[in-house]
Amino acid sequence: MSAAVATPSAPVLARPAFGSTLTGTGTLLRFMLRRDRMRILWWTLGVTFLYAGGLGEYVLLDDPAASEARSVLVSSPAMISMTGPGYGIGDYTPGAAVANEFILWVVLTLAVMSILQVVRHTRAEEESSRSELVRAGVVGRHAPSVAALLLVLIMNVIIALTSAVAVAAQDFDVAQSFAMTFAIALGALVFGAVALVAAQAYEHGRGAVGLSLAVLGAAFLLRALGDVQEEHGSVVSWLSPIAWVQQTRVFVDLRWWPLGLCVAAIVLLLVLAAFLGSRRDFDAGLVAVRKGRADAEPTLTGPAPLAWVQQRGALMWTALGLGAMWLGSGTIIREVPNMLDAVEGNPVYAALLGSGEDMVRTFLGIFGLYIAAGAAAYGIAATLRVKGEEESGRTELVLAAPVSRGRWLASTLVVSLLGMVVVQVTGALALWVGAASTGYDEVPFGDYLELGLAYLPALAVLVGLAAALYAWLPRATGLAWVMVGYVFLVGMFADLFDLPEWARKISPFWWVGNPALADVEAARLWGLGGVAAVLFLLAFTGFRRRDVPRV
């Protein structure tokens, strides 16, 4: 007689409760806030000062002549694409002007901040393996993602509060000021949620940032196309989260319901990110990584080709993206003479743009400052990639081969400098193409080219500063970004803020002046080149003497 043998049943795995996937969110959020406390401070100060300094000219639009001239200028298709749908054009009050012309650019600024912050605390952490150590503790699967989005929410709320105070302090309606800044914060948060989804799709942080910025660019184009097609925006405009913020009609006829679209989009994107995050492996993306070659290409034989491979994608998209922006900006140069009526008797406009025949060239100088600031941002970001390489441990692997420290650092700096030159010169040429496309030819091609080339020594100073900080004080590399903000502040608002001479001379751009309005002194350019050479020498000296890694 044989006994029956019991067959063990397959174990039933308990499905984790939803709350367990968020375990540790509060702890991670506190850690992120502490880690990014200086970033939060600088972003808050930067955007608040942008409001404080940038709104001064709008206060004086109470003058009927200035208001009418300004409304004519922003009614052209080119200006509509660069500003907003034009609510309140018939009675272009200072508040209506701020809402129409300011919202777009602040949304773009805070959207970029939100994208970078989300990717920094999600995909970049997985890529560096730090998230694996964190997840080894009592931390739920979705806790890092939710904590990162909450961090971005807090940052946007803080910036909205301080910005609203800065706006209201300049005699704008208090309720409308808070409505505008919080609507902008909500719109920026949509793109933070987009970055959260992109972080699930791509295995590398660069891919997540690239996809998120592509979505932001598409939103910009959809809004521009829709607003140009029809007064106050068409159906196409409503496909863009940027338009949802502008459609609140703040300072004209405030309505809140368009912001419901922002809330709905954030919730849907958050659910989608959680769904995708639950169906991928840790440290992997949903988009398959393209298999590389079995062996290196013949040209990839040193640190310089490696630096080029690492930077070529960012260079291409930066040059194309900024070039498209400067191309569109060039199309409005023809409309600048229409502002002459507004400048007459207006001290703020006179301080910014001058008057008469010099006005167009002064306007070109302002665009030149924008182009140089964009090129500086690219140059510093490309240069500070060496810090990321060192943090990840790859620098030690490279230096273990027969590669000297000086050669490795020089390779990255040369590629970064050349890329910065490409961004700067193509930006100036794109501005010329935009102006020429409208039939404006009063400023010759050579002047646009000079506008691009004149800033190169000053840009080299900023890159040299970033390299020197990395070599001697890696933890203080953020000061390079502070300097970018400072040179822009001096270039745009030195006269309005009545900055003393010594404060202006700190900015490398101050020594360049306005290349579109007057010839740049060769001695100043040589002097800037000398300062850049000293900074690069300091960078090489410091990097050879310090330990690696030391970040």
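Values in this document were obtained by computation on a predicted structure and should not be read as measured data. (Residues numbered from 1 in each chain as written. Predicted model: local features only at pLDDT ≥ 70, side-chain atom pairs only at ≥ 80, totals over all residues. Heavy atoms only, no water.)

Observations concerning the environment of S237
Position of S237 among the secondary structure elements: in the loop between helix 11 (205-229) and helix 12 (241-246). When the C-alpha atoms of S237 and Q247 are compared, they prove to be 9.5 Å apart, with 10 residues separating the residues in sequence. In contact with S237, other than residues within four places in its own chain, are L222, R223, G226, D227 and A243. A polar side-chain atom of S237 sits 2.8 Å from a polar atom in the side chain of D227. (Helix = DSSP H or I, 4+ residues; strand = E, 2+ residues; numbered from the N terminus. Contact = heavy atoms within 4.5 Å. Polar contact = N/O pair within 3.5 Å; in protein donor to acceptor, adjacent residues only side chain to side chain.)

Structural notes on the confidence of the model for the protein
Counting all residues, the mean pLDDT for the protein is 84, and 88% of those residues have values of 70 or more. Taken element by element, the predicted model of the protein shows its lowest mean pLDDT in helix 15 (residues 340-343) (52) and its highest in helix 22 (residues 456-472) (95). (pLDDT = per-residue confidence, 0-100.)

Thoughts on the packing of helix 6 (residues 94-121) against helix 10 (residues 174-201)
The N-to-C vectors of helix 6 and helix 10 enclose an angle of 35°; their axes lie 8 Å apart at closest approach. Where helix 6 crosses over helix 10, the handedness of that crossing is right-handed. Facing helix 6, whose interface residues are V98, A99, I103, V106, V107, L110, A111, S114, I115, V118 and V119, helix 10 presents M180, I184, A188, F191, G192, A195 and L196. For the contact of helix 6 with helix 10, the class distribution of residues is 16 nonpolar, two polar and no charged. (Axes fitted to C-alpha atoms, helices over the stretch in contact; angles between N-to-C directions. Left-handed = near helix turned anticlockwise from the far one by under 90°. Nonpolar A, V, L, I, M, F, W, Y, C, P; charged D, E, K, R; others polar.)

Observations concerning the pattern of salt bridges
Throughout the structure, instances matching the rule amount to 10 salt bridges. Residues R123 and E126 are paired through a salt bridge, measuring 3.5 Å at the closest nitrogen-oxygen approach. Residue R123 and its partner E126 are both found in helix 7 (residues 123-127); the two are separated by three residues, about one turn of the helix. Here the two residues R123 and E126 agree in accessibility, since each one is buried. We note a salt bridge from D227 to R223, for which the minimum N-O separation is 2.6 Å. (Salt bridge = Lys/Arg side-chain N within 4 Å of Asp/Glu carboxyl O. Buried < 20%, exposed > 50% of the residue type's maximum accessible area, 1.4 Å probe, protein only.)

Here's the deal with a nonpolar patch on the surface
A surface patch of nonpolar side chains, about 620 Å² in accessible area, is lined by M38, L41, W42, L45, F49, L479 and V482. Mapped by element, the contributors of at least two residues to the nonpolar patch are helix 2 (37-54) and helix 23 (478-497). Residue contributions to the nonpolar patch peak at five residues, all from helix 2. Along the chain, F49 turns up in helix 2. (Patch = residues over 30% accessible without salt bridge, like charges linked within 9 Å, V, L, I, M, F, W, Y side chains within 5 Å. Areas by Shrake-Rupley, 256 points an atom, 1.4 Å probe, with all protein chains shown as cover.)

Focus on the nonpolar core
A general tendency of soluble globular proteins is for nonpolar side chains to be buried together. Within the largest apolar cluster, 139 residues are counted, with the highest numbers of intra-cluster contacts made by Y51, M180, I184, I242, I333, L459 and F509. Of the residues forming this core, the biggest block, 16 residues, is contributed by helix 6. Setting aside residues up to four positions removed in sequence, L459 forms contacts with A372, A375, A376, M420, Q424 and F509. (Core = buried A, V, L, I, M, F, W, Y, C linked by side-chain atoms within 4.5 Å.)

What about the environment of A532?
Mapped onto the secondary structure, A532 falls in helix 25 (residues 522-545). The spatial distance from the C-alpha of A532 to the C-alpha of L459 is 8.8 Å, given a sequence separation of 73 residues. Discounting chain neighbours no more than four positions away, the residues touching A532 are A460 and V461.

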